[in-house]
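Each chain, written out:
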Amino acid sequence: MEYNMKHEAEAGGREDNPTMINSSSYIMLNIASAAALLSCSSCLTGAFQAISVRPTPVSSTRALFATKQLTPRQLQFWEDVEEGLVGIEKFYEKQGQSLERIHTFCKRARGDLPLPEPAKKGHQPSEEHIDGLRANAFWDVAADASNFPWAAELEAKAGIIIEEFEQKLLQTNTDDSSLFSGDSAWQSNVMGTGWSAFRLQRLGVWNVENCAMFPKTYNLLRDLNIPLAVRGVCFARQTPGSGVAPHSDGRNFILTSHLGLKVPEGCWIKVGDEERSWKVGKLTTLDTSFEHSTGNPTDSDRHVLIIDFWHPDLTSAECAGLEFVYDLRNKFESGDIPFRQPKPKSNPQEDDEVKGLAGLWKSLTGGGD
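Quick notes on the rules
Residues numbered from 1 in each chain as written. Predicted model: local features only at pLDDT ≥ 70, side-chain atom pairs only at ≥ 80, totals over all residues. Heavy atoms only, no water. Salt bridge = Lys/Arg side-chain N within 4 Å of Asp/Glu carboxyl O. Helix = DSSP H or I, 4+ residues; strand = E, 2+ residues; numbered from the N terminus. Buried < 20%, exposed > 50% of the residue type's maximum accessible area, 1.4 Å probe, protein only. pLDDT = per-residue confidence, 0-100. Contact = heavy atoms within 4.5 Å. Phe/Tyr/Trp six-rings, centres within 6.5 Å; stacked < 30°, edge-to-face > 60°. Lys NZ or Arg CZ within 6 Å of the ring centre and 35° of its normal. Pairing = 2+ DSSP bridges. Axes fitted to C-alpha atoms, helices over the stretch in contact; angles between N-to-C directions. Parallel < 35°, antiparallel > 145°, perpendicular 65-115°, else oblique. Left-handed = near helix turned anticlockwise from the far one by under 90°. Nonpolar A, V, L, I, M, F, W, Y, C, P; charged D, E, K, R; others polar.

**Q** How would you sum up the pattern of salt bridges? Please name residues and give values.
**A** Opposite charge on two side chains permits them to pair, given that their charged atoms come into close proximity. If you walk through the whole model with that rule in mind, you get 17 salt bridges. Of the charged contacts, one joins glutamate 83 and lysine 343 as a salt bridge, the two residues approaching to 2.5 Å between their closest N and O atoms. Residue glutamate 83 is found in helix 1 (residues 72-93), and its partner lysine 343 is found in the loop between helix 8 (316-333) and helix 9 (348-365); the two are separated by 260 residues along the sequence. Exposure remark for lysine 343: the relative accessible area of 47% places this residue in the partly exposed category. Residues lysine 282 and glutamate 155 are paired through a salt bridge, measuring 3.7 Å at the closest nitrogen-oxygen approach. Taken together, the positions of lysine 282 in the loop between strand 9 (274-276) and strand 10 (283-287) and glutamate 155 in helix 3 (residues 151-156) put the pair 127 residues apart, joining distant regions of the chain.

Here is the structure:
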């Protein structure tokens, strides 16, 4: 399953690669032309791009009814979302799980609900928001086995990834410009020209060619059963003297871990109002719906492995619902789903008037049609 998402937390831009293979840790549900997912990317701070409308900020006391602005193509998308979620909901109801928060997510994403309020200082949630999730700028995942059972083992085996990565850099004659490349013009605008990535997984799909260059890393990540989300897994480089300007991708339902691979002293990452540095072989985990920025004031490249995964407060049903929505969005944006006219929406007031006239006619004619 592919998701055309943009990742604003060190991993962004679209990739369409015919050599990619499907891989998801969740049940695939082929409903309404889309199966049930990035790990980091891709906001609706791009707001479903061509599919949805980015609502302007409004007071939390007044809903913005942006559905009146939706194009026929956007209306078609949301109709397909609603129909597809019905099947997913029926499947998970047997397990006692609800999609209520996903339905609310959809209402907000299409502009029927106001933007959420920030949970803490520095928090910048967007219309891509799931209510009721814990909001922390940083997460100590390796110390929390109940929520992140894979994290401590990943740190314990980080040497496997670091060794393989360093060997690959040596094979490129210490010049990793051939290994790393910018994803898109959009990425340069958001991440800055000093940031670049080498993708292993994107939008739920493993890149076969790239993973073949890092087989040990690929096998380790697969074996750990990390609940990878709708953005991706990538090696990320930040060049000397560069940095990523403060930004937020707005999504609170995905967390991002950076595994330190090569970290010159002095590099930093700021999330909300807290600043930290990366440590080699350790995970630095953040919620990218908080404003965040990075800096490399040194004379050497900084390298990390970025892994995006679902927020631990999501249920299996909610993960499947989000996977479905973003997979469908990618299919719409890729042109895989042909256009059809949206179904006509009846006007409740007109319906009442028709019913009233019909009732009057029946009373005058003895109930005949």
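Read on, since the account is not over.
**Q** I'd love a proper account of the confidence of the model for the protein chain, names of residues and values included.
**A** Per-residue pLDDT for the protein chain has a mean of 78; in total, 69% of the residues score no lower than 70. Of the regions scoring below 50 in pLDDT, residues 1-67 engages in 302 contacts with residues more than four places distant in sequence or in other chains. Considering only residues more than four positions removed or in separate chains, one finds that residues 357-369, a stretch of pLDDT under 50, has five contacts.

**Q** Please give an account of the environment of aspartate 273 that cites residues and values.
**A** One can find aspartate 273 in the loop between strand 8 (268-271) and strand 9. Between the alpha carbons of aspartate 273 and glycine 122 there is a distance of 6.5 Å; along the sequence they are 151 residues apart.

**Q** So what's going on with the environment of serine 242? Residues and values would help.
**A** Positionally, serine 242 belongs in strand 6 (residues 242-247). Here the alpha-carbon distance between serine 242 and glycine 194, two residues 48 residues apart in the chain, equals 5.3 Å. If we skip the residues at most four places from it in the chain, serine 242 touches Gly194, Gly295 and Asn296.

**Q** Account for the packing of aromatic side chains, with residues named and values stated.
**A** This model, assessed by the stated rule, comprises 16 aromatic pairs. Residues phenylalanine 165 and phenylalanine 214 carry aromatic rings whose centres are separated by 6.5 Å and whose planes lie at 25° to one another, so their mutual orientation is stacked. Pair noted here: phenylalanine 165 is in helix 4 (residues 158-171) and phenylalanine 214 is in the loop between helix 6 (208-213) and helix 7 (215-223), with a separation of 49 residues, a long-range link. Here phenylalanine 165 and phenylalanine 214 have matching classes, each one buried. Through successive ring pairs, a cluster of aromatic residues spans Phe105, Phe253, Trp310 and Tyr326. Note that arginine 110 overlies the ring of tryptophan 78, its terminal NZ or CZ placed 5.8 Å from the centroid.

**Q** Report on the sheet that holds strand 11 (residues 292-296), specifying residues and quantitative values.
**A** Sheet architecture is open: four strands sit in the order 6-11-8-9, paired in antiparallel fashion. Only two strands of the sheet have a single neighbouring strand rather than two, namely strand 6 and strand 9. Adjacent strand axes in the sheet meet at a mean angle of 15°, parallel and antiparallel pairs treated alike. Two elements, strand 8 and strand 9, share three bridges in a ladder whose sense is antiparallel. Directly across from isoleucine 269, in strand 9, lies its bridge partner arginine 276.

**Q** Tell me what's going on with the packing of helix 4 against helix 7, and back it up with residues and numbers.
**A** Running from N to C, helix 4 and helix 7 cross one another at 155°; their axes reach a closest spacing of 8 Å. Here helix 4 is positioned roughly antiparallel relative to helix 7, judged by the angle of their axes. Read as a crossing pair, helix 4 and helix 7 show a hand that is left-handed. Seen from helix 4, the contacting residues are Ile160, Ile161 and Glu164; seen from helix 7, they are Pro215, Lys216, Thr217 and Leu220. When the residues that make up the contact of helix 4 with helix 7 are grouped by side-chain class, the tally is four nonpolar, one polar and two charged.

**Q** I'd like to hear about the pairing of strand 12 (residues 302-310), residue by residue, with values.
**A** With nine of nine residues buried, strand 12 is to be regarded as a mostly interior element. With seven bridges joining them, strand 5 (residues 228-238) and strand 12 adopt antiparallel strand pairing. Across the sheet, residue valine 233 finds its bridge partner in strand 12, namely isoleucine 307. In this sheet, strand 12 lies alongside strand 7 (residues 254-262) in antiparallel orientation, the contact comprising eight bridges. The partner of glycine 260 across the bridge, within strand 12, is valine 304.

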